Amino acid sequence: SCFMPGSLALAVHSFPAEDVEPWWLPTAEAIAETCYAMYSQSPSGLAPEASSFESGHMTPSRVSYQLRPETLESLFYLYRVTGNATYQDWSWEIFRTINKQTRTKFGFANVKDVRHGHVELDDNEATYMGAETLKYALLAQLPSSALSLKDFVLNTEGHPLPLRRSR
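Please read all numbers here as calculations on a predicted model, not as lab measurements.

In this structure, Glu-49 sits in the loop between α2 (24-40) and β1 (50-52). Polar side-chain contacts of Glu-49 include one of 2.3 Å to the side chain of Arg-68. Glu-49 has contacts with Arg-62, Ser-64, Tyr-65, Gln-66 and Arg-68, leaving out every residue within four places of it along the chain.

Contact geometry of α2 with helix α4 (residues 85-102) gives a least axis separation of 11 Å together with a crossing angle of 25°. For the element pair α2 / α4, the angle class is roughly parallel. Crossing handedness for the pair α2 and α4: left-handed. For the pair α2 and α4, the contacting residues are Glu-29, Ala-32, Glu-33, Tyr-36, Tyr-39 and Ser-40 in the first and Tyr-87, Trp-90, Glu-93 and Ile-94 in the second. For the contact of α2 with α4, the residue count by class is six nonpolar, one polar and three charged.

So, on to the packing of aromatic side chains. Think of a pair of aromatic rings as described by two things: how far the centres are apart, and how the planes are tilted against each other in angle. One pass over the full model with this rule turns up nine aromatic pairs. Ring geometry for Tyr-39 versus Tyr-65: centroids 6.0 Å apart, planes at 75°, classification edge-to-face. One end of the pair, Tyr-39, is in helix α2; the other, Tyr-65, is in the loop between β2 (59-62) and α3 (70-82), with 26 residues separating them in the sequence. Neither residue differs from the other here; Tyr-39 and Tyr-65 are each classed as buried. Look at Tyr-87 and Trp-90: their rings are 5.6 Å apart centre to centre, the planes differ by 85°, and that puts the pair in the edge-to-face class. Of this pair, Tyr-87 and Trp-90 both sit in helix α4, three residues apart, which is roughly one turn of the helix. For the pair shown, Tyr-87 and Trp-90 are each scored as buried. Among the aromatic residues, those joined into a ring-pair cluster are Phe-15, Trp-23 and Trp-24.

Parameters and conventions
Residues numbered from 1 in each chain as written. Predicted model: local features only at pLDDT ≥ 70, side-chain atom pairs only at ≥ 80, totals over all residues. Heavy atoms only, no water. Helix = DSSP H or I, 4+ residues; strand = E, 2+ residues; numbered from the N terminus. Polar contact = N/O pair within 3.5 Å; in protein donor to acceptor, adjacent residues only side chain to side chain. Contact = heavy atoms within 4.5 Å. Axes fitted to C-alpha atoms, helices over the stretch in contact; angles between N-to-C directions. Parallel < 35°, antiparallel > 145°, perpendicular 65-115°, else oblique. Left-handed = near helix turned anticlockwise from the far one by under 90°. Nonpolar A, V, L, I, M, F, W, Y, C, P; charged D, E, K, R; others polar. Phe/Tyr/Trp six-rings, centres within 6.5 Å; stacked < 30°, edge-to-face > 60°. Buried < 20%, exposed > 50% of the residue type's maximum accessible area, 1.4 Å probe, protein only.

Right, here's the structure in full:
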């Protein structure tokens, strides 16, 4: 799933160097590239809820888009951990597409089918859209001093908590 690159990148950042497995960061980057491709290869620019890889290529298996934060979260962590601006660029591209395709008068809405350039909206927006999806899109664009990973950890709902230093 597209949360995994962020988990691996955060582990690379947080664990003592001698405990970090050499496959963690390259694996995180490879999975993140696939998660980004789910957006970039879609006619709407939005990722399907699920994809199948059975035929040797990526095919949408659940075609809705539900404003989920996992890819943006992973791109945020990868950008902060590696400094590679590609992850920042991908995050910006995804955010711009979300804003273009899902924005409504009073917020954002899920998409019924991402396989079309012009999408039909479903009148629903989960609370994680503001709490996580938009927050990670913004954080990926800010300097690393804004909510530094040295000083804060983000919980599973994207809320920053200050790190306590051991004495």
